[in-house]
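Understanding the architecture of this molecule
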Amino acid sequence: MRRLALVGVALALAAAGTAQAAATPAQVVRAWSRALNANENKRAAALFAPNARVVQPGLDVRLSSKALRLAFNESLPCSGRIVRITVTGNRALATFVLGERPKHRCDGPGDKAAALFVVRNGKIVLWKQVPVRNQATA
């Protein structure tokens, strides 16, 4: 019986890894946004690959440790309601309407922001803040 339980656990872990690797860029972006909006920074950080790159005006860094991935997500002041996602291959361009999130003070509630996400094997390898395009929301 114990061997059967161990096999079941191994199969469940393998399936979870396969499901994560099969996650589309849009699914990863939505999962990240949900975690960030709930101030679940560890869950948001877990969606970033080791050495993921973050680019914002004046900042271009590699998140080379779990602590840095967590710190990046903790540092974001606003939640973001996704109003548009455009996917091309492993890239997702997401537009958000900013809002308050628990234990933070948003510096631009109601403003729009956009980020480019590059996703490989279910993990974010690039998060880049980009200008908001003037397009209708979807």
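I will try to describe carefully the structure that is included in this document. Computed from a prediction, not measured in an experiment: that's the story for all the values here.

This part covers the side chain of Asn 41. Here Asn 41 is to be found in helix α3 (residues 41–45). Of the polar contacts made by the side chain of Asn 41, one reaches the side chain of Arg 101; its length is 3.1 Å. The residues touching Asn 41, leaving out its near neighbours within four places in the chain, are Leu 36, Leu 70, Asn 73, Glu 74 and Arg 101.

Glancing now at the environment of Pro 50. Inspection of the secondary structure puts Pro 50 in strand β1 (residues 48–56). A relative accessible area of 59% means that Pro 50 is categorised as exposed. Spatially, the C-alpha atoms of Pro 50 and Leu 68 are 9.8 Å apart, while their sequence positions differ by 18 residues. The residues touching Pro 50, leaving out its near neighbours within four places in the chain, are Leu 63 and Arg 69.

The subject of this paragraph is the sheet that holds β1. Strand pairing in a sheet is mediated by backbone hydrogen bonds. Such pairs are either parallel or antiparallel. Across the sheet, which stays open at both edges, the six strands sit in the order β2-β1-β6-β5-β4-β3 with mixed pairing between neighbours. Sheet topology places β2 (59–63) and β3 (79–88) at the edges, where each strand pairs with a single neighbour. Going from strand to strand, the sheet's axes swing by 20 degrees on average, the running direction of each strand aside. Pairing between strand β5 (residues 112–120) and strand β6 (residues 123–130): seven bridges, direction antiparallel. Of the residues in β6, the one forming a bridge with Ala 115 is Gln 129.

In this section: the layout of surface pockets. Considered as a void within the structure, the largest pocket measures approximately 370 Å³ in volume. As for the largest pocket, its lining consists of 21 residues, of which Leu 76, Cys 78, Leu 98, Ala 113 and Trp 127 are closest to the centre. For the lining of the largest pocket, the secondary structure elements donating two or more residues are α2 (25–37), β3, β4 (91–99), β5 and β6. Its residues placed into classes, the lining of the largest pocket shows 12 nonpolar, seven polar and two charged.

Analysis parameters
- Residues numbered from 1 in each chain as written.
- Predicted model: local features only at pLDDT ≥ 70, side-chain atom pairs only at ≥ 80, totals over all residues.
- Heavy atoms only, no water.
- Helix = DSSP H or I, 4+ residues; strand = E, 2+ residues; numbered from the N terminus.
- Polar contact = N/O pair within 3.5 Å; in protein donor to acceptor, adjacent residues only side chain to side chain.
- Contact = heavy atoms within 4.5 Å.
- Buried < 20%, exposed > 50% of the residue type's maximum accessible area, 1.4 Å probe, protein only.
- Pairing = 2+ DSSP bridges.
- Axes fitted to C-alpha atoms, helices over the stretch in contact; angles between N-to-C directions.
- 1 Å grid on protein atoms, 1.4 Å probe; cavity = no way out; pocket = protein on both sides within 12 Å on 5 of 7 lines; lining within 4 Å.
- Points joined across faces, edges and corners; volume = space filled by probe spheres on them.
- Nonpolar A, V, L, I, M, F, W, Y, C, P; charged D, E, K, R; others polar.

Read these as geometric descriptors, not functional statements.
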